Amino acid sequence: MSQQGYVATPPYSQAQPGMGGYPTGFGAPPPQSHYGHYGAPAQPFAPQAAGMKFPKSPFPTFRYPPLPADSAPAMSPYGQPPQRPYHSMPQATPPTQQITNQMSAMNIGGYGRFTPNPIQSPQSPTSSAAPQPFQMSPPTPMGHAPLSPQGPQLPPLSACPPMAASPPVGVPPMVMPNCQPGSPLMGGGGFQPQAGPQGFPQQPGNRGPPAGAFPGAFPGGAAQMAGPPQKKLDPDSIPSTTQVIEDDQVKRGGQLYTTNLRGQVPPFVTTSFSVQDQGNASPRFMRCTTYSFPCTSDLAKQCQVPLATIIKPLASVPKNETPLYIVNHGEAGPIRCNRCKAYMCPFMLFIDGGRRYQCGFCNCVNEVPVQYFQHLDHMGRRLDMYERPELSLGSYEFTATLDYCKNNKPPNPPAYIFVIDVSYNNIKSGLVKLICDELKTLLDQLPKEEGAEGSAIKVGFVTYNKILHFYNVKSALAQPQMMVVSDVAEMFVPLLDGFLVNFQESRAVINNLLEQIPDMFSDTNESETVFAPVIQAGVEALKAAECSGKLFIFHSSLPMAEAPGKLKNRDDRKLVNTEKEKTLFQAQRGIYEQLTKECVNQGCCVDLFLFPNQYVDLATMADVPAHTGGSVYKYSNFQVQVDGQHFLSDLRQDVKKSIGFDAMMRVRTSTGFRATDFYGAIYMNNTTDVEMAAVDCEKAVTVEFKHDDTLSEDVGALIQCALLYTSISGQRRLRVHNLSLACSSQLSDLYKSCETDALINFFAKSAYHAMLAQPVKVVREILVKQTAHMLACYRKNCASPSAASQLILPDAMKVFPVYMNSLLKTPALVGSAELSTDDRAFHRLSVMAMGVEESQVLFYPRLIPVHSMDVASEAVPSAVRCSEERLSDTGAFLLENGQCIFLWLGQACPPDIIQNFFNVPSLAHLGTDMVSDGTVAYVHWACLQMVIVKQKDRSEMLFRQHLVEDKGLYGGASYMDFLCYVHREIRQLLT
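Under the annotation held in an unreviewed UniProt entry, the chain carries the name SEC24 homolog D, COPII coat complex component and is attributed to Electrophorus electricus. Per its UniProt entry, the chain bears the Sequence similarities (unreviewed entry) comment "Belongs to the SEC23/SEC24 family. SEC24 subfamily."

Colleague: Is there a simple way to explain the state of the cysteines in this structure?
Modeller: Covalent bonding between the sulfur atoms of two cysteines defines a disulfide. In the structure shown here, the tally under the stated rule is 0 disulfides. C303 supplies the cysteine sulfur nearest to C793, a cysteine that is in no disulfide, at a spacing of 5.5 Å.

Colleague: Help me understand the packing of aromatic side chains, please; the structure alone is not making it clear to me.
Modeller: Ring pairs (aromatic) are described by centroid distance and by the angle formed between their planes. A full pass over the atoms with the stated rule returns 33 aromatic pairs. Between F611 and F647, the aromatic rings sit 5.2 Å apart at their centres with planes inclined by 80°, giving edge-to-face as the arrangement. Here the residue F611 occupies a position in the loop between β22 (604-610) and α11 (618-621), and F647 occupies one in helix α13 (residues 640-656), the gap between them amounting to 36 residues. Both residues of the pair, F611 and F647, belong to the buried class. Geometry around F273 places R284 over its ring, the cationic atom sitting 4.9 Å from the centre. Positioned above the aromatic ring of Y416 is the side chain of K550, whose terminal nitrogen or guanidinium carbon lies 6.0 Å from the ring centre.

Colleague: Would you mind going over the environment of L823 with me for this structure?
Modeller: If you trace the backbone, L823 turns up in helix α17 (residues 816-824). Between the C-alpha atom of L823 and that of Y860, which follows or precedes it by 37 residues, the distance is 9.4 Å. Setting aside anything within four residues of it in sequence, one finds L823 in contact with I760, F763, A764, Y768, L783, L829 and F859.

Colleague: Is there a simple way to explain the side chain of S282 in this structure?
Modeller: Relative to the assigned elements, S282 resides in the loop between β7 (274-276) and β8 (286-288). A distance of 3.0 Å separates a polar atom in the side chain of S282 from the backbone nitrogen of R284. Excluding residues within four positions of it along the chain, S282 makes contact with T259, V275 and S395.

Colleague: Could you clarify how one ought to interpret the sheet that holds strand β13 (residues 356-358) in this entry?
Modeller: Hydrogen bonds between backbone groups are what pair the strands of a sheet, and the pairing can be parallel or antiparallel. One open sheet accounts for 3 strands, arranged β12-β13-β14; its pairing is antiparallel. Two strands bound the open sheet, and with one partner strand each, they are β12 (349-351) and β14 (365-367). Strand-to-strand, the axes of this sheet are offset by a mean angle of 30°, without reference to chain direction. Pairing of β13 with β14, which is carried by 3 bridges, proceeds in the antiparallel orientation. From the neighbouring strand, R356 faces β14, where its bridge partner is E367.

Parameters at a glance
- Residues numbered from 1 in each chain as written.
- Predicted model: local features only at pLDDT ≥ 70, side-chain atom pairs only at ≥ 80, totals over all residues.
- Heavy atoms only, no water.
- UniProt positions renumbered as here; feature names shortened; annotations may be inferred.
- Disulfide = S-S within 2.5 Å.
- Phe/Tyr/Trp six-rings, centres within 6.5 Å; stacked < 30°, edge-to-face > 60°.
- Helix = DSSP H or I, 4+ residues; strand = E, 2+ residues; numbered from the N terminus.
- Buried < 20%, exposed > 50% of the residue type's maximum accessible area, 1.4 Å probe, protein only.
- Lys NZ or Arg CZ within 6 Å of the ring centre and 35° of its normal.
- Contact = heavy atoms within 4.5 Å.
- Polar contact = N/O pair within 3.5 Å; in protein donor to acceptor, adjacent residues only side chain to side chain.
- Pairing = 2+ DSSP bridges.
- Axes fitted to C-alpha atoms, helices over the stretch in contact; angles between N-to-C directions.

Below, the structure is given as structure tokens:
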């Protein structure tokens, strides 16, 4: 596949012969080489061991001509006029009649789902030909001399593992322009001896990054640059994320992806495709950072690519795909290996005429139970192989026996308890009435089993401020009854019968209660609230009912009333960028730690809806939700008219989504490697069992693996994820996902099968986890150094010899730097005192439970030119690169990242577009009330509030912080500058 998306003129597109090699050793170690897995001992960065031969890349590489001596990107700092105006894009304005309908019908959420609407092919002026198949002869192995004992010792990464990837077979690596010290690539007159950018370590004796490269991170940014106007480096010469996404959609979109091959790389999460399970789990359930594991731990340490899988065990399956089969083996229960306890799956080998089977995970030979026996065919396969899901599919469910239930008793159906803060702020804002009115209809839509007449979930209601009010809504009552608990220090539930009820049976009483609650507290002046006793009450109620369930808590302020769990304001932004910054993200322990354990033991999930007007110590208040499989929603300065629809949409989705309770997950592997670290909305009491009070269809767990022996290329690496949970009908089930990966002694195979979207998910979660124990600045340094290390290892061991001044990126990782730079600029990591501590904590906790699909669009938002919609087609316009340079003053652009959505309007946006969007004649008639009228848009899996942004208005600052290819609003480099900085780090490692 040619690198068409990055080639602007004929000379760029011609493959050049390889240039001279470079020394085998990497020179002296940098004085501050302490990166690696967080806190782990240093690992040498060496070529491959003597005796092991790795092929150099046989692929032709595209090389870019040297940069002109006076080239430099011109970027203006935020708050100052751009150094060049928005480029106008004279386009024919679509007819007015259909544009609004198209806007609402746009399938923005098509990423990762099969949809009939095709995405338009990229309209690149530089590439119109279809990718050509690449044919090659077998690669020629080339050896490497061992590194001398005095070689540099570059630390390994432990809490934040490595990353790397390589071109798929037949695809050349990405070769970037010369970015070398002394080159004025990034402004000024070359590399200036200034302090490094925020989070980028400097080594004594080395010259710093270029002047103006990282505004906001150190003095002397672009605003202070002097001298004549600079020529800009063409941004199209660096890898484009949108082009990579489009290319994968063109190549694999709309196709059927069958899972019958070991180690095959699936389509991107942004590509629309459908899956047919033929023995390996669908990528909707499991995605890996690489689909080819290195055979030895030495190779893994050398390249520092993290070996991990992101598991979304209850992921939604599109309607055009087969739902999971449920297998019932009766009282005997699922068939398991006697030694490692792995469940029956396609990786088991039947022998001895079908009377025994060898476990694919531990190689133990087991007897086949009499009732499970079946003869083998001439290929050694069971005759009933395709009649049994557990023998032919990658994912399936077992009905669990009483052995898998607490106290050997079948579980009761779960319960939902709605807990409403009725303090002064929530009553006066209209929030309490809004919630009560919504619940009258929403409770009709509680989740239920496929084919069931109604939901088995029971419901209960609590209101609170400084004290708690419980309600008896038994169906036999004419009126609901309130019971008050004022002693919050010794929390108990004052009633059992009538608290948790079936909504259909008690509908009249419940509706009566919901009508009365806003009026009951309409005259309240109570502004103080409790919080920990509220969670305690929910747990006690579920214990009394002997069931699992979920608490929906609607809360607005820092809990300062005298009660267990009382919090104080500990927001101190002077700690930002100090050793103690990590304390801002650490939850206050004591009662909340104990509550987490109690919730997990009872299967009590906590979802928290926050409506703060000021600091609420979100790091502590969200700690229980973050460890019980719960979600946190935050609506700062809530106004019913502006934020009401957004909140209600979130609530509806949260109540209706599919979910499992009282869950425990175990990840088993074949011999030679094991699961070591787990990240997600989980609780772990030991090193192997992942406990979740609940797990829903959106929650993902990221699992890292380490070697404990050598892996075999013939056998590969096998992973089995088993999730034991209680369904919404109260049935105990086991869901099993199996995945087989390739193993190789060639690093080029590992890089070739990497998945950038999975890598950035892993790096984000591991970094956000490390923030609790290490200074944020150290975490940033580790991420940057590890990025450079992985790419240097690829260059050293897999790429053809070339000039050291050229940056060569593995094809599968060519856009990894833009994602990594975006991660470094996120609220959690950017390290700016201007950002709210609660906002930073909220972002961190949100990402910890994300799947690959969600994290991909968060770290690289979609920017869609809606003004270019073709009225004759329902196709979504192709996304453009997420940069200010792509905006035009005559355009309208939609930007969304799964958490927020903006509609940006250029100053010269045509009146007929404005007329159709807002029913006003021009942009000048668009008032503040219309810009913030609470409009919501349905995107991906969520409903987001749309923010209307007019070019050069103050609100544009919020929009610009999501243009991830540009310099950060609160510090951080542009994509171009970061790429050049990483290149400089790579060159230091190599020379």
